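Breakdown of the fold
What follows is each chain in one-letter form.
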Amino acid sequence: MPRPLRVLVVEDEWPARNYLVELLETSGLAEVVGAVGSLEEARQALTGEEPGLGIDVAFIDVQIDGAPRGETGLSLVRSMAATDRAPMFVLATAFEEHALEAYELGVVDYLLKPFSEERVVRCLERLQQRRGAVPDATRPTRIVARRKRSLVFLEPPEIWAFEAADRLTFVHTLHGTFDIDLSLAAVETSFGRAFVRVHRNWLVNATHIKELERDGHETKLFVGAGVAGAGQGVHVPVARERSAAVREMLLTNAAGLRRP
């Protein structure tokens, strides 16, 4: 068993803070070394005289009562992201609309309230995998796929999406669809910032999303070169619990649509 993750919880509402601490500690995958209710206390824990206190990951709420005007949990992540003291970060919030910025800053996971035991455990398993990833200096920069007896080498920007199906993993690109030996979780560990999990069986490159289609309770994406019917690409289902965050992610840095 890997050692438990050392966790800092940053949450201003004590019932939510205590509940998250309980879920983390009962999982057996984490040890909560601090639980604070303000950004100032969080900064002290992460950058004080004993930098980081050995913290592996910080679970941070976005809206913190009593924070200086304009300061949020994302402000803390942003200020720490480029430092050599930064732990891994998870946003634990009731707000969906910060997902895109969070992932751009390298946030490992995005937990929406109310938390569930199953969801917290999945998050911790992902964090364990990320902690065990190879150092940046030796991190892979390309994907190796198979085409019959050949090996195909792909740059992440060339890739539209990864799909898990029938115990296999496929990579979809302009050059075709190929199979690889990595699981989706392993792809996230090595290339997590480049791809977004929209479904338990799909990772997509957000820069190649051309269409979002909503039909009743179902949401689908067209990912590829050109729009559906006029270009090459692949149709990707979006999990119901992720559809609002995916839509917000796509609209955050886009203009042209009147929004309420």
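Data block above holds the structure.
Residues numbered from 1 in each chain as written. Predicted model: local features only at pLDDT ≥ 70, side-chain atom pairs only at ≥ 80, totals over all residues. Heavy atoms only, no water.

With respect to the element layout, Ser243 can be found in helix H7 (residues 243-252). For Ser243, a relative accessible area of 14% translates into the label buried. A distance of 3.0 Å separates a polar side-chain atom of Ser243 from the backbone oxygen of Arg240. (Helix = DSSP H or I, 4+ residues; strand = E, 2+ residues; numbered from the N terminus. Buried < 20%, exposed > 50% of the residue type's maximum accessible area, 1.4 Å probe, protein only. Polar contact = N/O pair within 3.5 Å; in protein donor to acceptor, adjacent residues only side chain to side chain.)

As a further point, take unusual backbone geometry. A negative phi angle is the norm for most residues apart from glycine, just as the trans form is the norm for most peptide bonds. The omega angle of the peptide bond from Lys113 to Pro114 is -5°, so this bond is cis rather than trans. Considering the arrangement of structural elements, one finds Pro114 in the loop between strand S5 (109-112) and helix H5 (117-131). For Lys148, which is not a glycine, the phi torsion comes out positive at approximately 55°. Inspection of the secondary structure puts Lys148 in the loop between strand S6 (143-147) and strand S7 (150-154). Of note, Arg167 is a non-glycine position whose phi angle comes to about 65°, a positive value. Turning to its location among the elements, Arg167 is positioned in the loop between strand S8 (159-165) and strand S9 (168-173).

Below, the discussion takes up the sheet that holds strand S13 (residues 209-215). The sheet built from three strands is open, its strands ordered S13-S14-S15 with antiparallel pairing. In this open sheet, the two strands that pair with only one neighbour each are S13 and strand S15 (232-238). Across the sheet, the axes of successive neighbouring strands diverge by a mean angle of 20°, strand direction being ignored. Where S13 and strand S14 (residues 218-225) come together, six bridges link them in antiparallel fashion. Looking across to S14, one finds that Glu211 is bridged to Phe222. Contacts from H7 reach S13, S14 and S15 within the one sheet, and its direction differs from that of S13 by about 140°. (Pairing = 2+ DSSP bridges. Axes fitted to C-alpha atoms, helices over the stretch in contact; angles between N-to-C directions. Contact = heavy atoms within 4.5 Å.)

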